[in-house]
Amino acid sequence: WAGWFYIEQVLLTIYVFELCVLLKRWGLYFLSCRNPDIGWNSLDFAIVVSSVLDSWLFPGVTLIQKALAGDDHNHKHHDSGGANLGQVMMLMRMLRLMRILRLFKMEK
């Protein structure tokens, strides 16, 4: 379904806004070792930043590269044999679900 792309973009925008508000409110204490929620905060930060890279930055850079290079279809792609960036980003998108656990933790 094509609508999932838009839902994902709206949710990512909300997560980025939430992270910005938390960073504005707490400053460096948000990722400080003295903060008892450092684990959750680090996970949230990593998930949101990697999602922004995957959803917004990398596609933009690719689009600019194609525009500058003339979109040549004769490029040969080499497989590194390991986990590619797309697989890592898929894992990070799945980790966003961990944010739900944080909500349950806050309910206690």
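As shown above, the structure is provided for reference.
Residues numbered from 1 in each chain as written. Predicted model: local features only at pLDDT ≥ 70, side-chain atom pairs only at ≥ 80, totals over all residues. Heavy atoms only, no water.

Participant: Tell me what's going on with the overall build of the chain, and back it up with residues and numbers.
Facilitator: The helix and strand inventory of the chain stands at four helices and zero strands. Moving toward the C terminus, one meets the helices and strands of the chain in the order α-α-α-α. Within the span of the chain, comprising 108 residues, buried residues form 19% of the whole. In the form shown here, the chain has an accessible surface area of approximately 8600 Å², with 69% of it arising from carbon and sulfur atoms. (Helix = DSSP H or I, 4+ residues; strand = E, 2+ residues; numbered from the N terminus. Buried < 20%, exposed > 50% of the residue type's maximum accessible area, 1.4 Å probe, protein only. Areas by Shrake-Rupley, 256 points an atom, 1.4 Å probe, with all protein chains shown as cover.)

Participant: Account for helix α2 (residues 38-69), with residues named and values stated.
Facilitator: In an α-helix, one full turn covers 3.6 residues, which means residues spaced three or four apart are oriented alike. Taking 1.5 Å as the rise per residue, α2 with 32 residues should run 46 Å; its terminal C-alpha atoms sit 43 Å apart, in good agreement. Burial in α2 covers these residues: Asn41, Asp44, Ile47, Val48, Ser50, Ser51, Asp54 and Ser55. Of the residues flanking the end of α2, it is Gly70, one or two places downstream, whose phi is positive at about 85 degrees. (Expected span 1.5 Å × (residues − 1).)

Participant: Explain the side chain of Ser32 to me, and be specific about the residues and the numbers.
Facilitator: Position of Ser32 among the secondary structure elements: in the loop between α1 (3-26) and α2. Looking at Ser32, its side chain comes within polar contact range of the main-chain nitrogen of Arg34, at 3.1 Å. (Polar contact = N/O pair within 3.5 Å; in protein donor to acceptor, adjacent residues only side chain to side chain.)

Participant: Run through the packing of aromatic side chains, naming residues and quoting values.
Facilitator: In this structure the tally under the stated criterion is three aromatic pairs. When the centroid spacing of 5.5 Å and the interplanar angle of 90 degrees are considered together, the rings of Trp1 and Trp4 count as edge-to-face. Their ring planes at 80 degrees and their centres at 5.3 Å tell us that Phe5 and Tyr6 sit as a pair that is edge-to-face. Across the ring face of Trp26, the terminal group of Arg25 is positioned such that the distance to the ring centre comes to 4.3 Å. (Phe/Tyr/Trp six-rings, centres within 6.5 Å; stacked < 30°, edge-to-face > 60°. Lys NZ or Arg CZ within 6 Å of the ring centre and 35° of its normal.)

Participant: Tell me about α1, residues and numbers included.
Facilitator: Look at α1: 35 Å from first C-alpha to last across 24 residues, which is about the 34 Å you get at 1.5 Å a residue. When we look at burial in α1, the residues that qualify are Gly3, Gln9, Leu12 and Leu19. Taken from the residues just after α1, Gly27 is the one with a positive phi, measuring 65 degrees.

Participant: Got a sec to walk through the packing of α1 against α2? Specific residues and values, please.
Facilitator: Remark: α1 packs on α2, axes separated minimally by 10 Å, with the N-to-C direction vectors making an angle of 135 degrees. One element, α1, and the other, α2, form an angle in the oblique class. In this structure, the crossing between α1 and α2 has a hand that is left-handed. Here Glu8, Gln9, Leu12, Thr13, Tyr15, Val16, Leu19 and Leu23 of α1 come into contact with α2, specifically with Phe45, Val48, Ser51, Val52, Ser55 and Trp56. (Axes fitted to C-alpha atoms, helices over the stretch in contact; angles between N-to-C directions. Parallel < 35°, antiparallel > 145°, perpendicular 65-115°, else oblique. Left-handed = near helix turned anticlockwise from the far one by under 90°. Contact = heavy atoms within 4.5 Å.)

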